[in-house]
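# Observations on chain architecture
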Amino acid sequence: MNLHPQEVVSSFEVQYIADVLARLKSQLVEEHPSGTMPRDAHPKMHGLVEAEFVIHDDLPDDYKIGVFSQVKTFKAGVRFSNANGAAQPDLKRDIRGIALKLKQVVGEKLTDEPDCFENQDFLLISTDSFLCDGIQTFDGMVKAIQGSLWQKLGFFVTHPSVVWKLVTSFKVFANPLQIRYFSCTPYLLGNHAVKYCLTPVIQTCDFVPPEPADNFLRLAMKQQLLNAPAEFVFGIQRQANPNTMPIEDASVLWKETQSPFMPVATLRIPMQNFDTHERNQLGENMRFSPWHSLTVHRPLGSINRARRIVYHSISELRRRVNGVG
Ligand code: HEM
């Protein structure tokens, strides 16, 4: 695999990735010695919905790459989630996630996993830049979270920017169909580095109910989709300057004033009742990864390189334990 000219791989990267993986795995095994093993991150699902990903017909030629190369409508499965490793009430501040799986995508892929081979996945979260710059800091954060009070203090005192991100990215929302989501990490689009975002098209805006149920985000989505469809615009932001919009620092926000998101597709979620046993089961058992991807949309940067190994290995583990696939 050729690196992008701005990708830099440190000689310790492989060790950081192995350490993160070992820590996440042992935590999962320790916390779930029997019964169903959930995802390590984003275990609480609000719903798996059926959707369509409609490529716009007015794209400039240099955006017509990969899934965006032709005017086409892809069928998609879309999973909404809370990020926290424990399934907690939705009123707790958290980062929220959306994972798209486009079906029947033809072209050269980065994975040969048989259950993902025909897919293009896009994973986005409700904050516009990541908590950590790279995998070394992420490994330090995982170590600190799992470690003693002194280890926690040691890490967070020396990484005030991570503390700031934790404070500002964890939020309460009223309805997962009505918020913006961002890829945070960059991806290839031909020769360009790009980031993605999903912006909701909102007619009416929900508020957090006065006495919310623990799963009020699922209930808000259900209520909306039983009565009306939902829509998001998928945007692509091209890197305009490698210094202010770096590839190897996922904590830096690529400013929209410097390079706006170009609308390239519409995610249409038709009216439906997604809250069925069958759909919920499917959502639990599916696996998403930014590396379930066409080669022309390859994930970039150390956080993404780590995700290649971590998502594959953790999803294999939980699916093996749960007797799936
Ligand atoms: C080194 C950094 C990261 C690590 C180690 C990590 C780890 C994980 C793991 C282990 C899962 C569960 C995989 C499974 O069992 O199927 C997951 C899910 C997820 N991650 Fe990450 N993650 C990282 C960074 C990110 C970033 C930057 C985003 C931003 C978009 C993100 C978004 C998501 C989403 C949306 C899901 C839920 C997917 C689903 O619905 O199944 N993660 N992550």
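Report on the accompanying structure. (Residues numbered from 1 in each chain as written. Predicted model: local features only at pLDDT ≥ 70, side-chain atom pairs only at ≥ 80, totals over all residues. Heavy atoms only, no water.)

With that settled, consider the pattern of salt bridges. One pass over the full model with this rule turns up 19 salt bridges. We note a salt bridge from Arg319 to Asp115, for which the minimum N-O separation is 3.0 Å. Remark: Asp115 occurs in the loop between strand S3 (96-102) and strand S4 (120-125) and Arg319 occurs in helix H7 (residues 302-321); sequence separation between them is 204 residues. Look at Asp115 and you get partly exposed, because its relative accessible area is 36%. Two residues, Arg268 and Glu231, come together in a salt bridge whose shortest N-O distance is 3.9 Å. On the criterion of sequence distance, the pair formed by Arg268 in strand S9 (residues 262-269) and Glu231 in strand S8 (residues 230-238) is long-range, its members being 37 residues apart. By relative accessible area, Arg268 is classed as partly exposed at 38%. The exposure class of Glu231 is partly exposed, given its relative accessible area of 31%. (Salt bridge = Lys/Arg side-chain N within 4 Å of Asp/Glu carboxyl O. Helix = DSSP H or I, 4+ residues; strand = E, 2+ residues; numbered from the N terminus. Buried < 20%, exposed > 50% of the residue type's maximum accessible area, 1.4 Å probe, protein only.)

Octahedral six-donor coordination of a metal ideally yields angles of 90 or 180 degrees, compared with 109.5 degrees for tetrahedral four-donor coordination. For the iron atom of the ligand, the sole protein-derived donor is Tyr311 (OH), lying 1.9 Å away. Summarising the element assignment, Tyr311 is placed in helix H7. (Donors = N, O, S within 2.8 Å, 3.2 Å for Na, K, Ca; no water.)

Attention now goes to the site of the ligand. Surrounding the ligand, one finds 23 residues, the nearest of these being Arg39, Arg79, Arg307, Tyr311 and Arg318. Arg307 places a side-chain nitrogen or oxygen 3.3 Å from a nitrogen atom of the ligand. The contact in question runs from an oxygen atom of the ligand to an N or O atom on the side chain of Arg318, over 2.7 Å. Taken together, the elements giving at least two residues each to the shell around the ligand come down to S3, S4, helix H2 (135-146) and H7. The dominant element in the shell around the ligand, judged by the number of residues it contributes, is H7, at seven residues. A class-by-class count of the residues in the shell around the ligand yields 14 nonpolar, four polar and five charged. (Near = heavy atom within 4 Å. Polar contact = N/O pair within 3.5 Å; in protein donor to acceptor, adjacent residues only side chain to side chain. Nonpolar A, V, L, I, M, F, W, Y, C, P; charged D, E, K, R; others polar.)

For strand S1 (residues 44-55), the buried fraction is high: 10 of the 12 residues fall into the buried class. As defined by bridge partners, S1 adjoins strand S2 (residues 73-82) across 10 bridges and the pair is classed as antiparallel. Across the sheet, residue Phe53 finds its bridge partner in S2, namely Phe74. Both S1 and S9 contribute to a ladder of four bridges, which runs antiparallel. Bridged to Glu52 within S9 is Arg268. (Pairing = 2+ DSSP bridges.)

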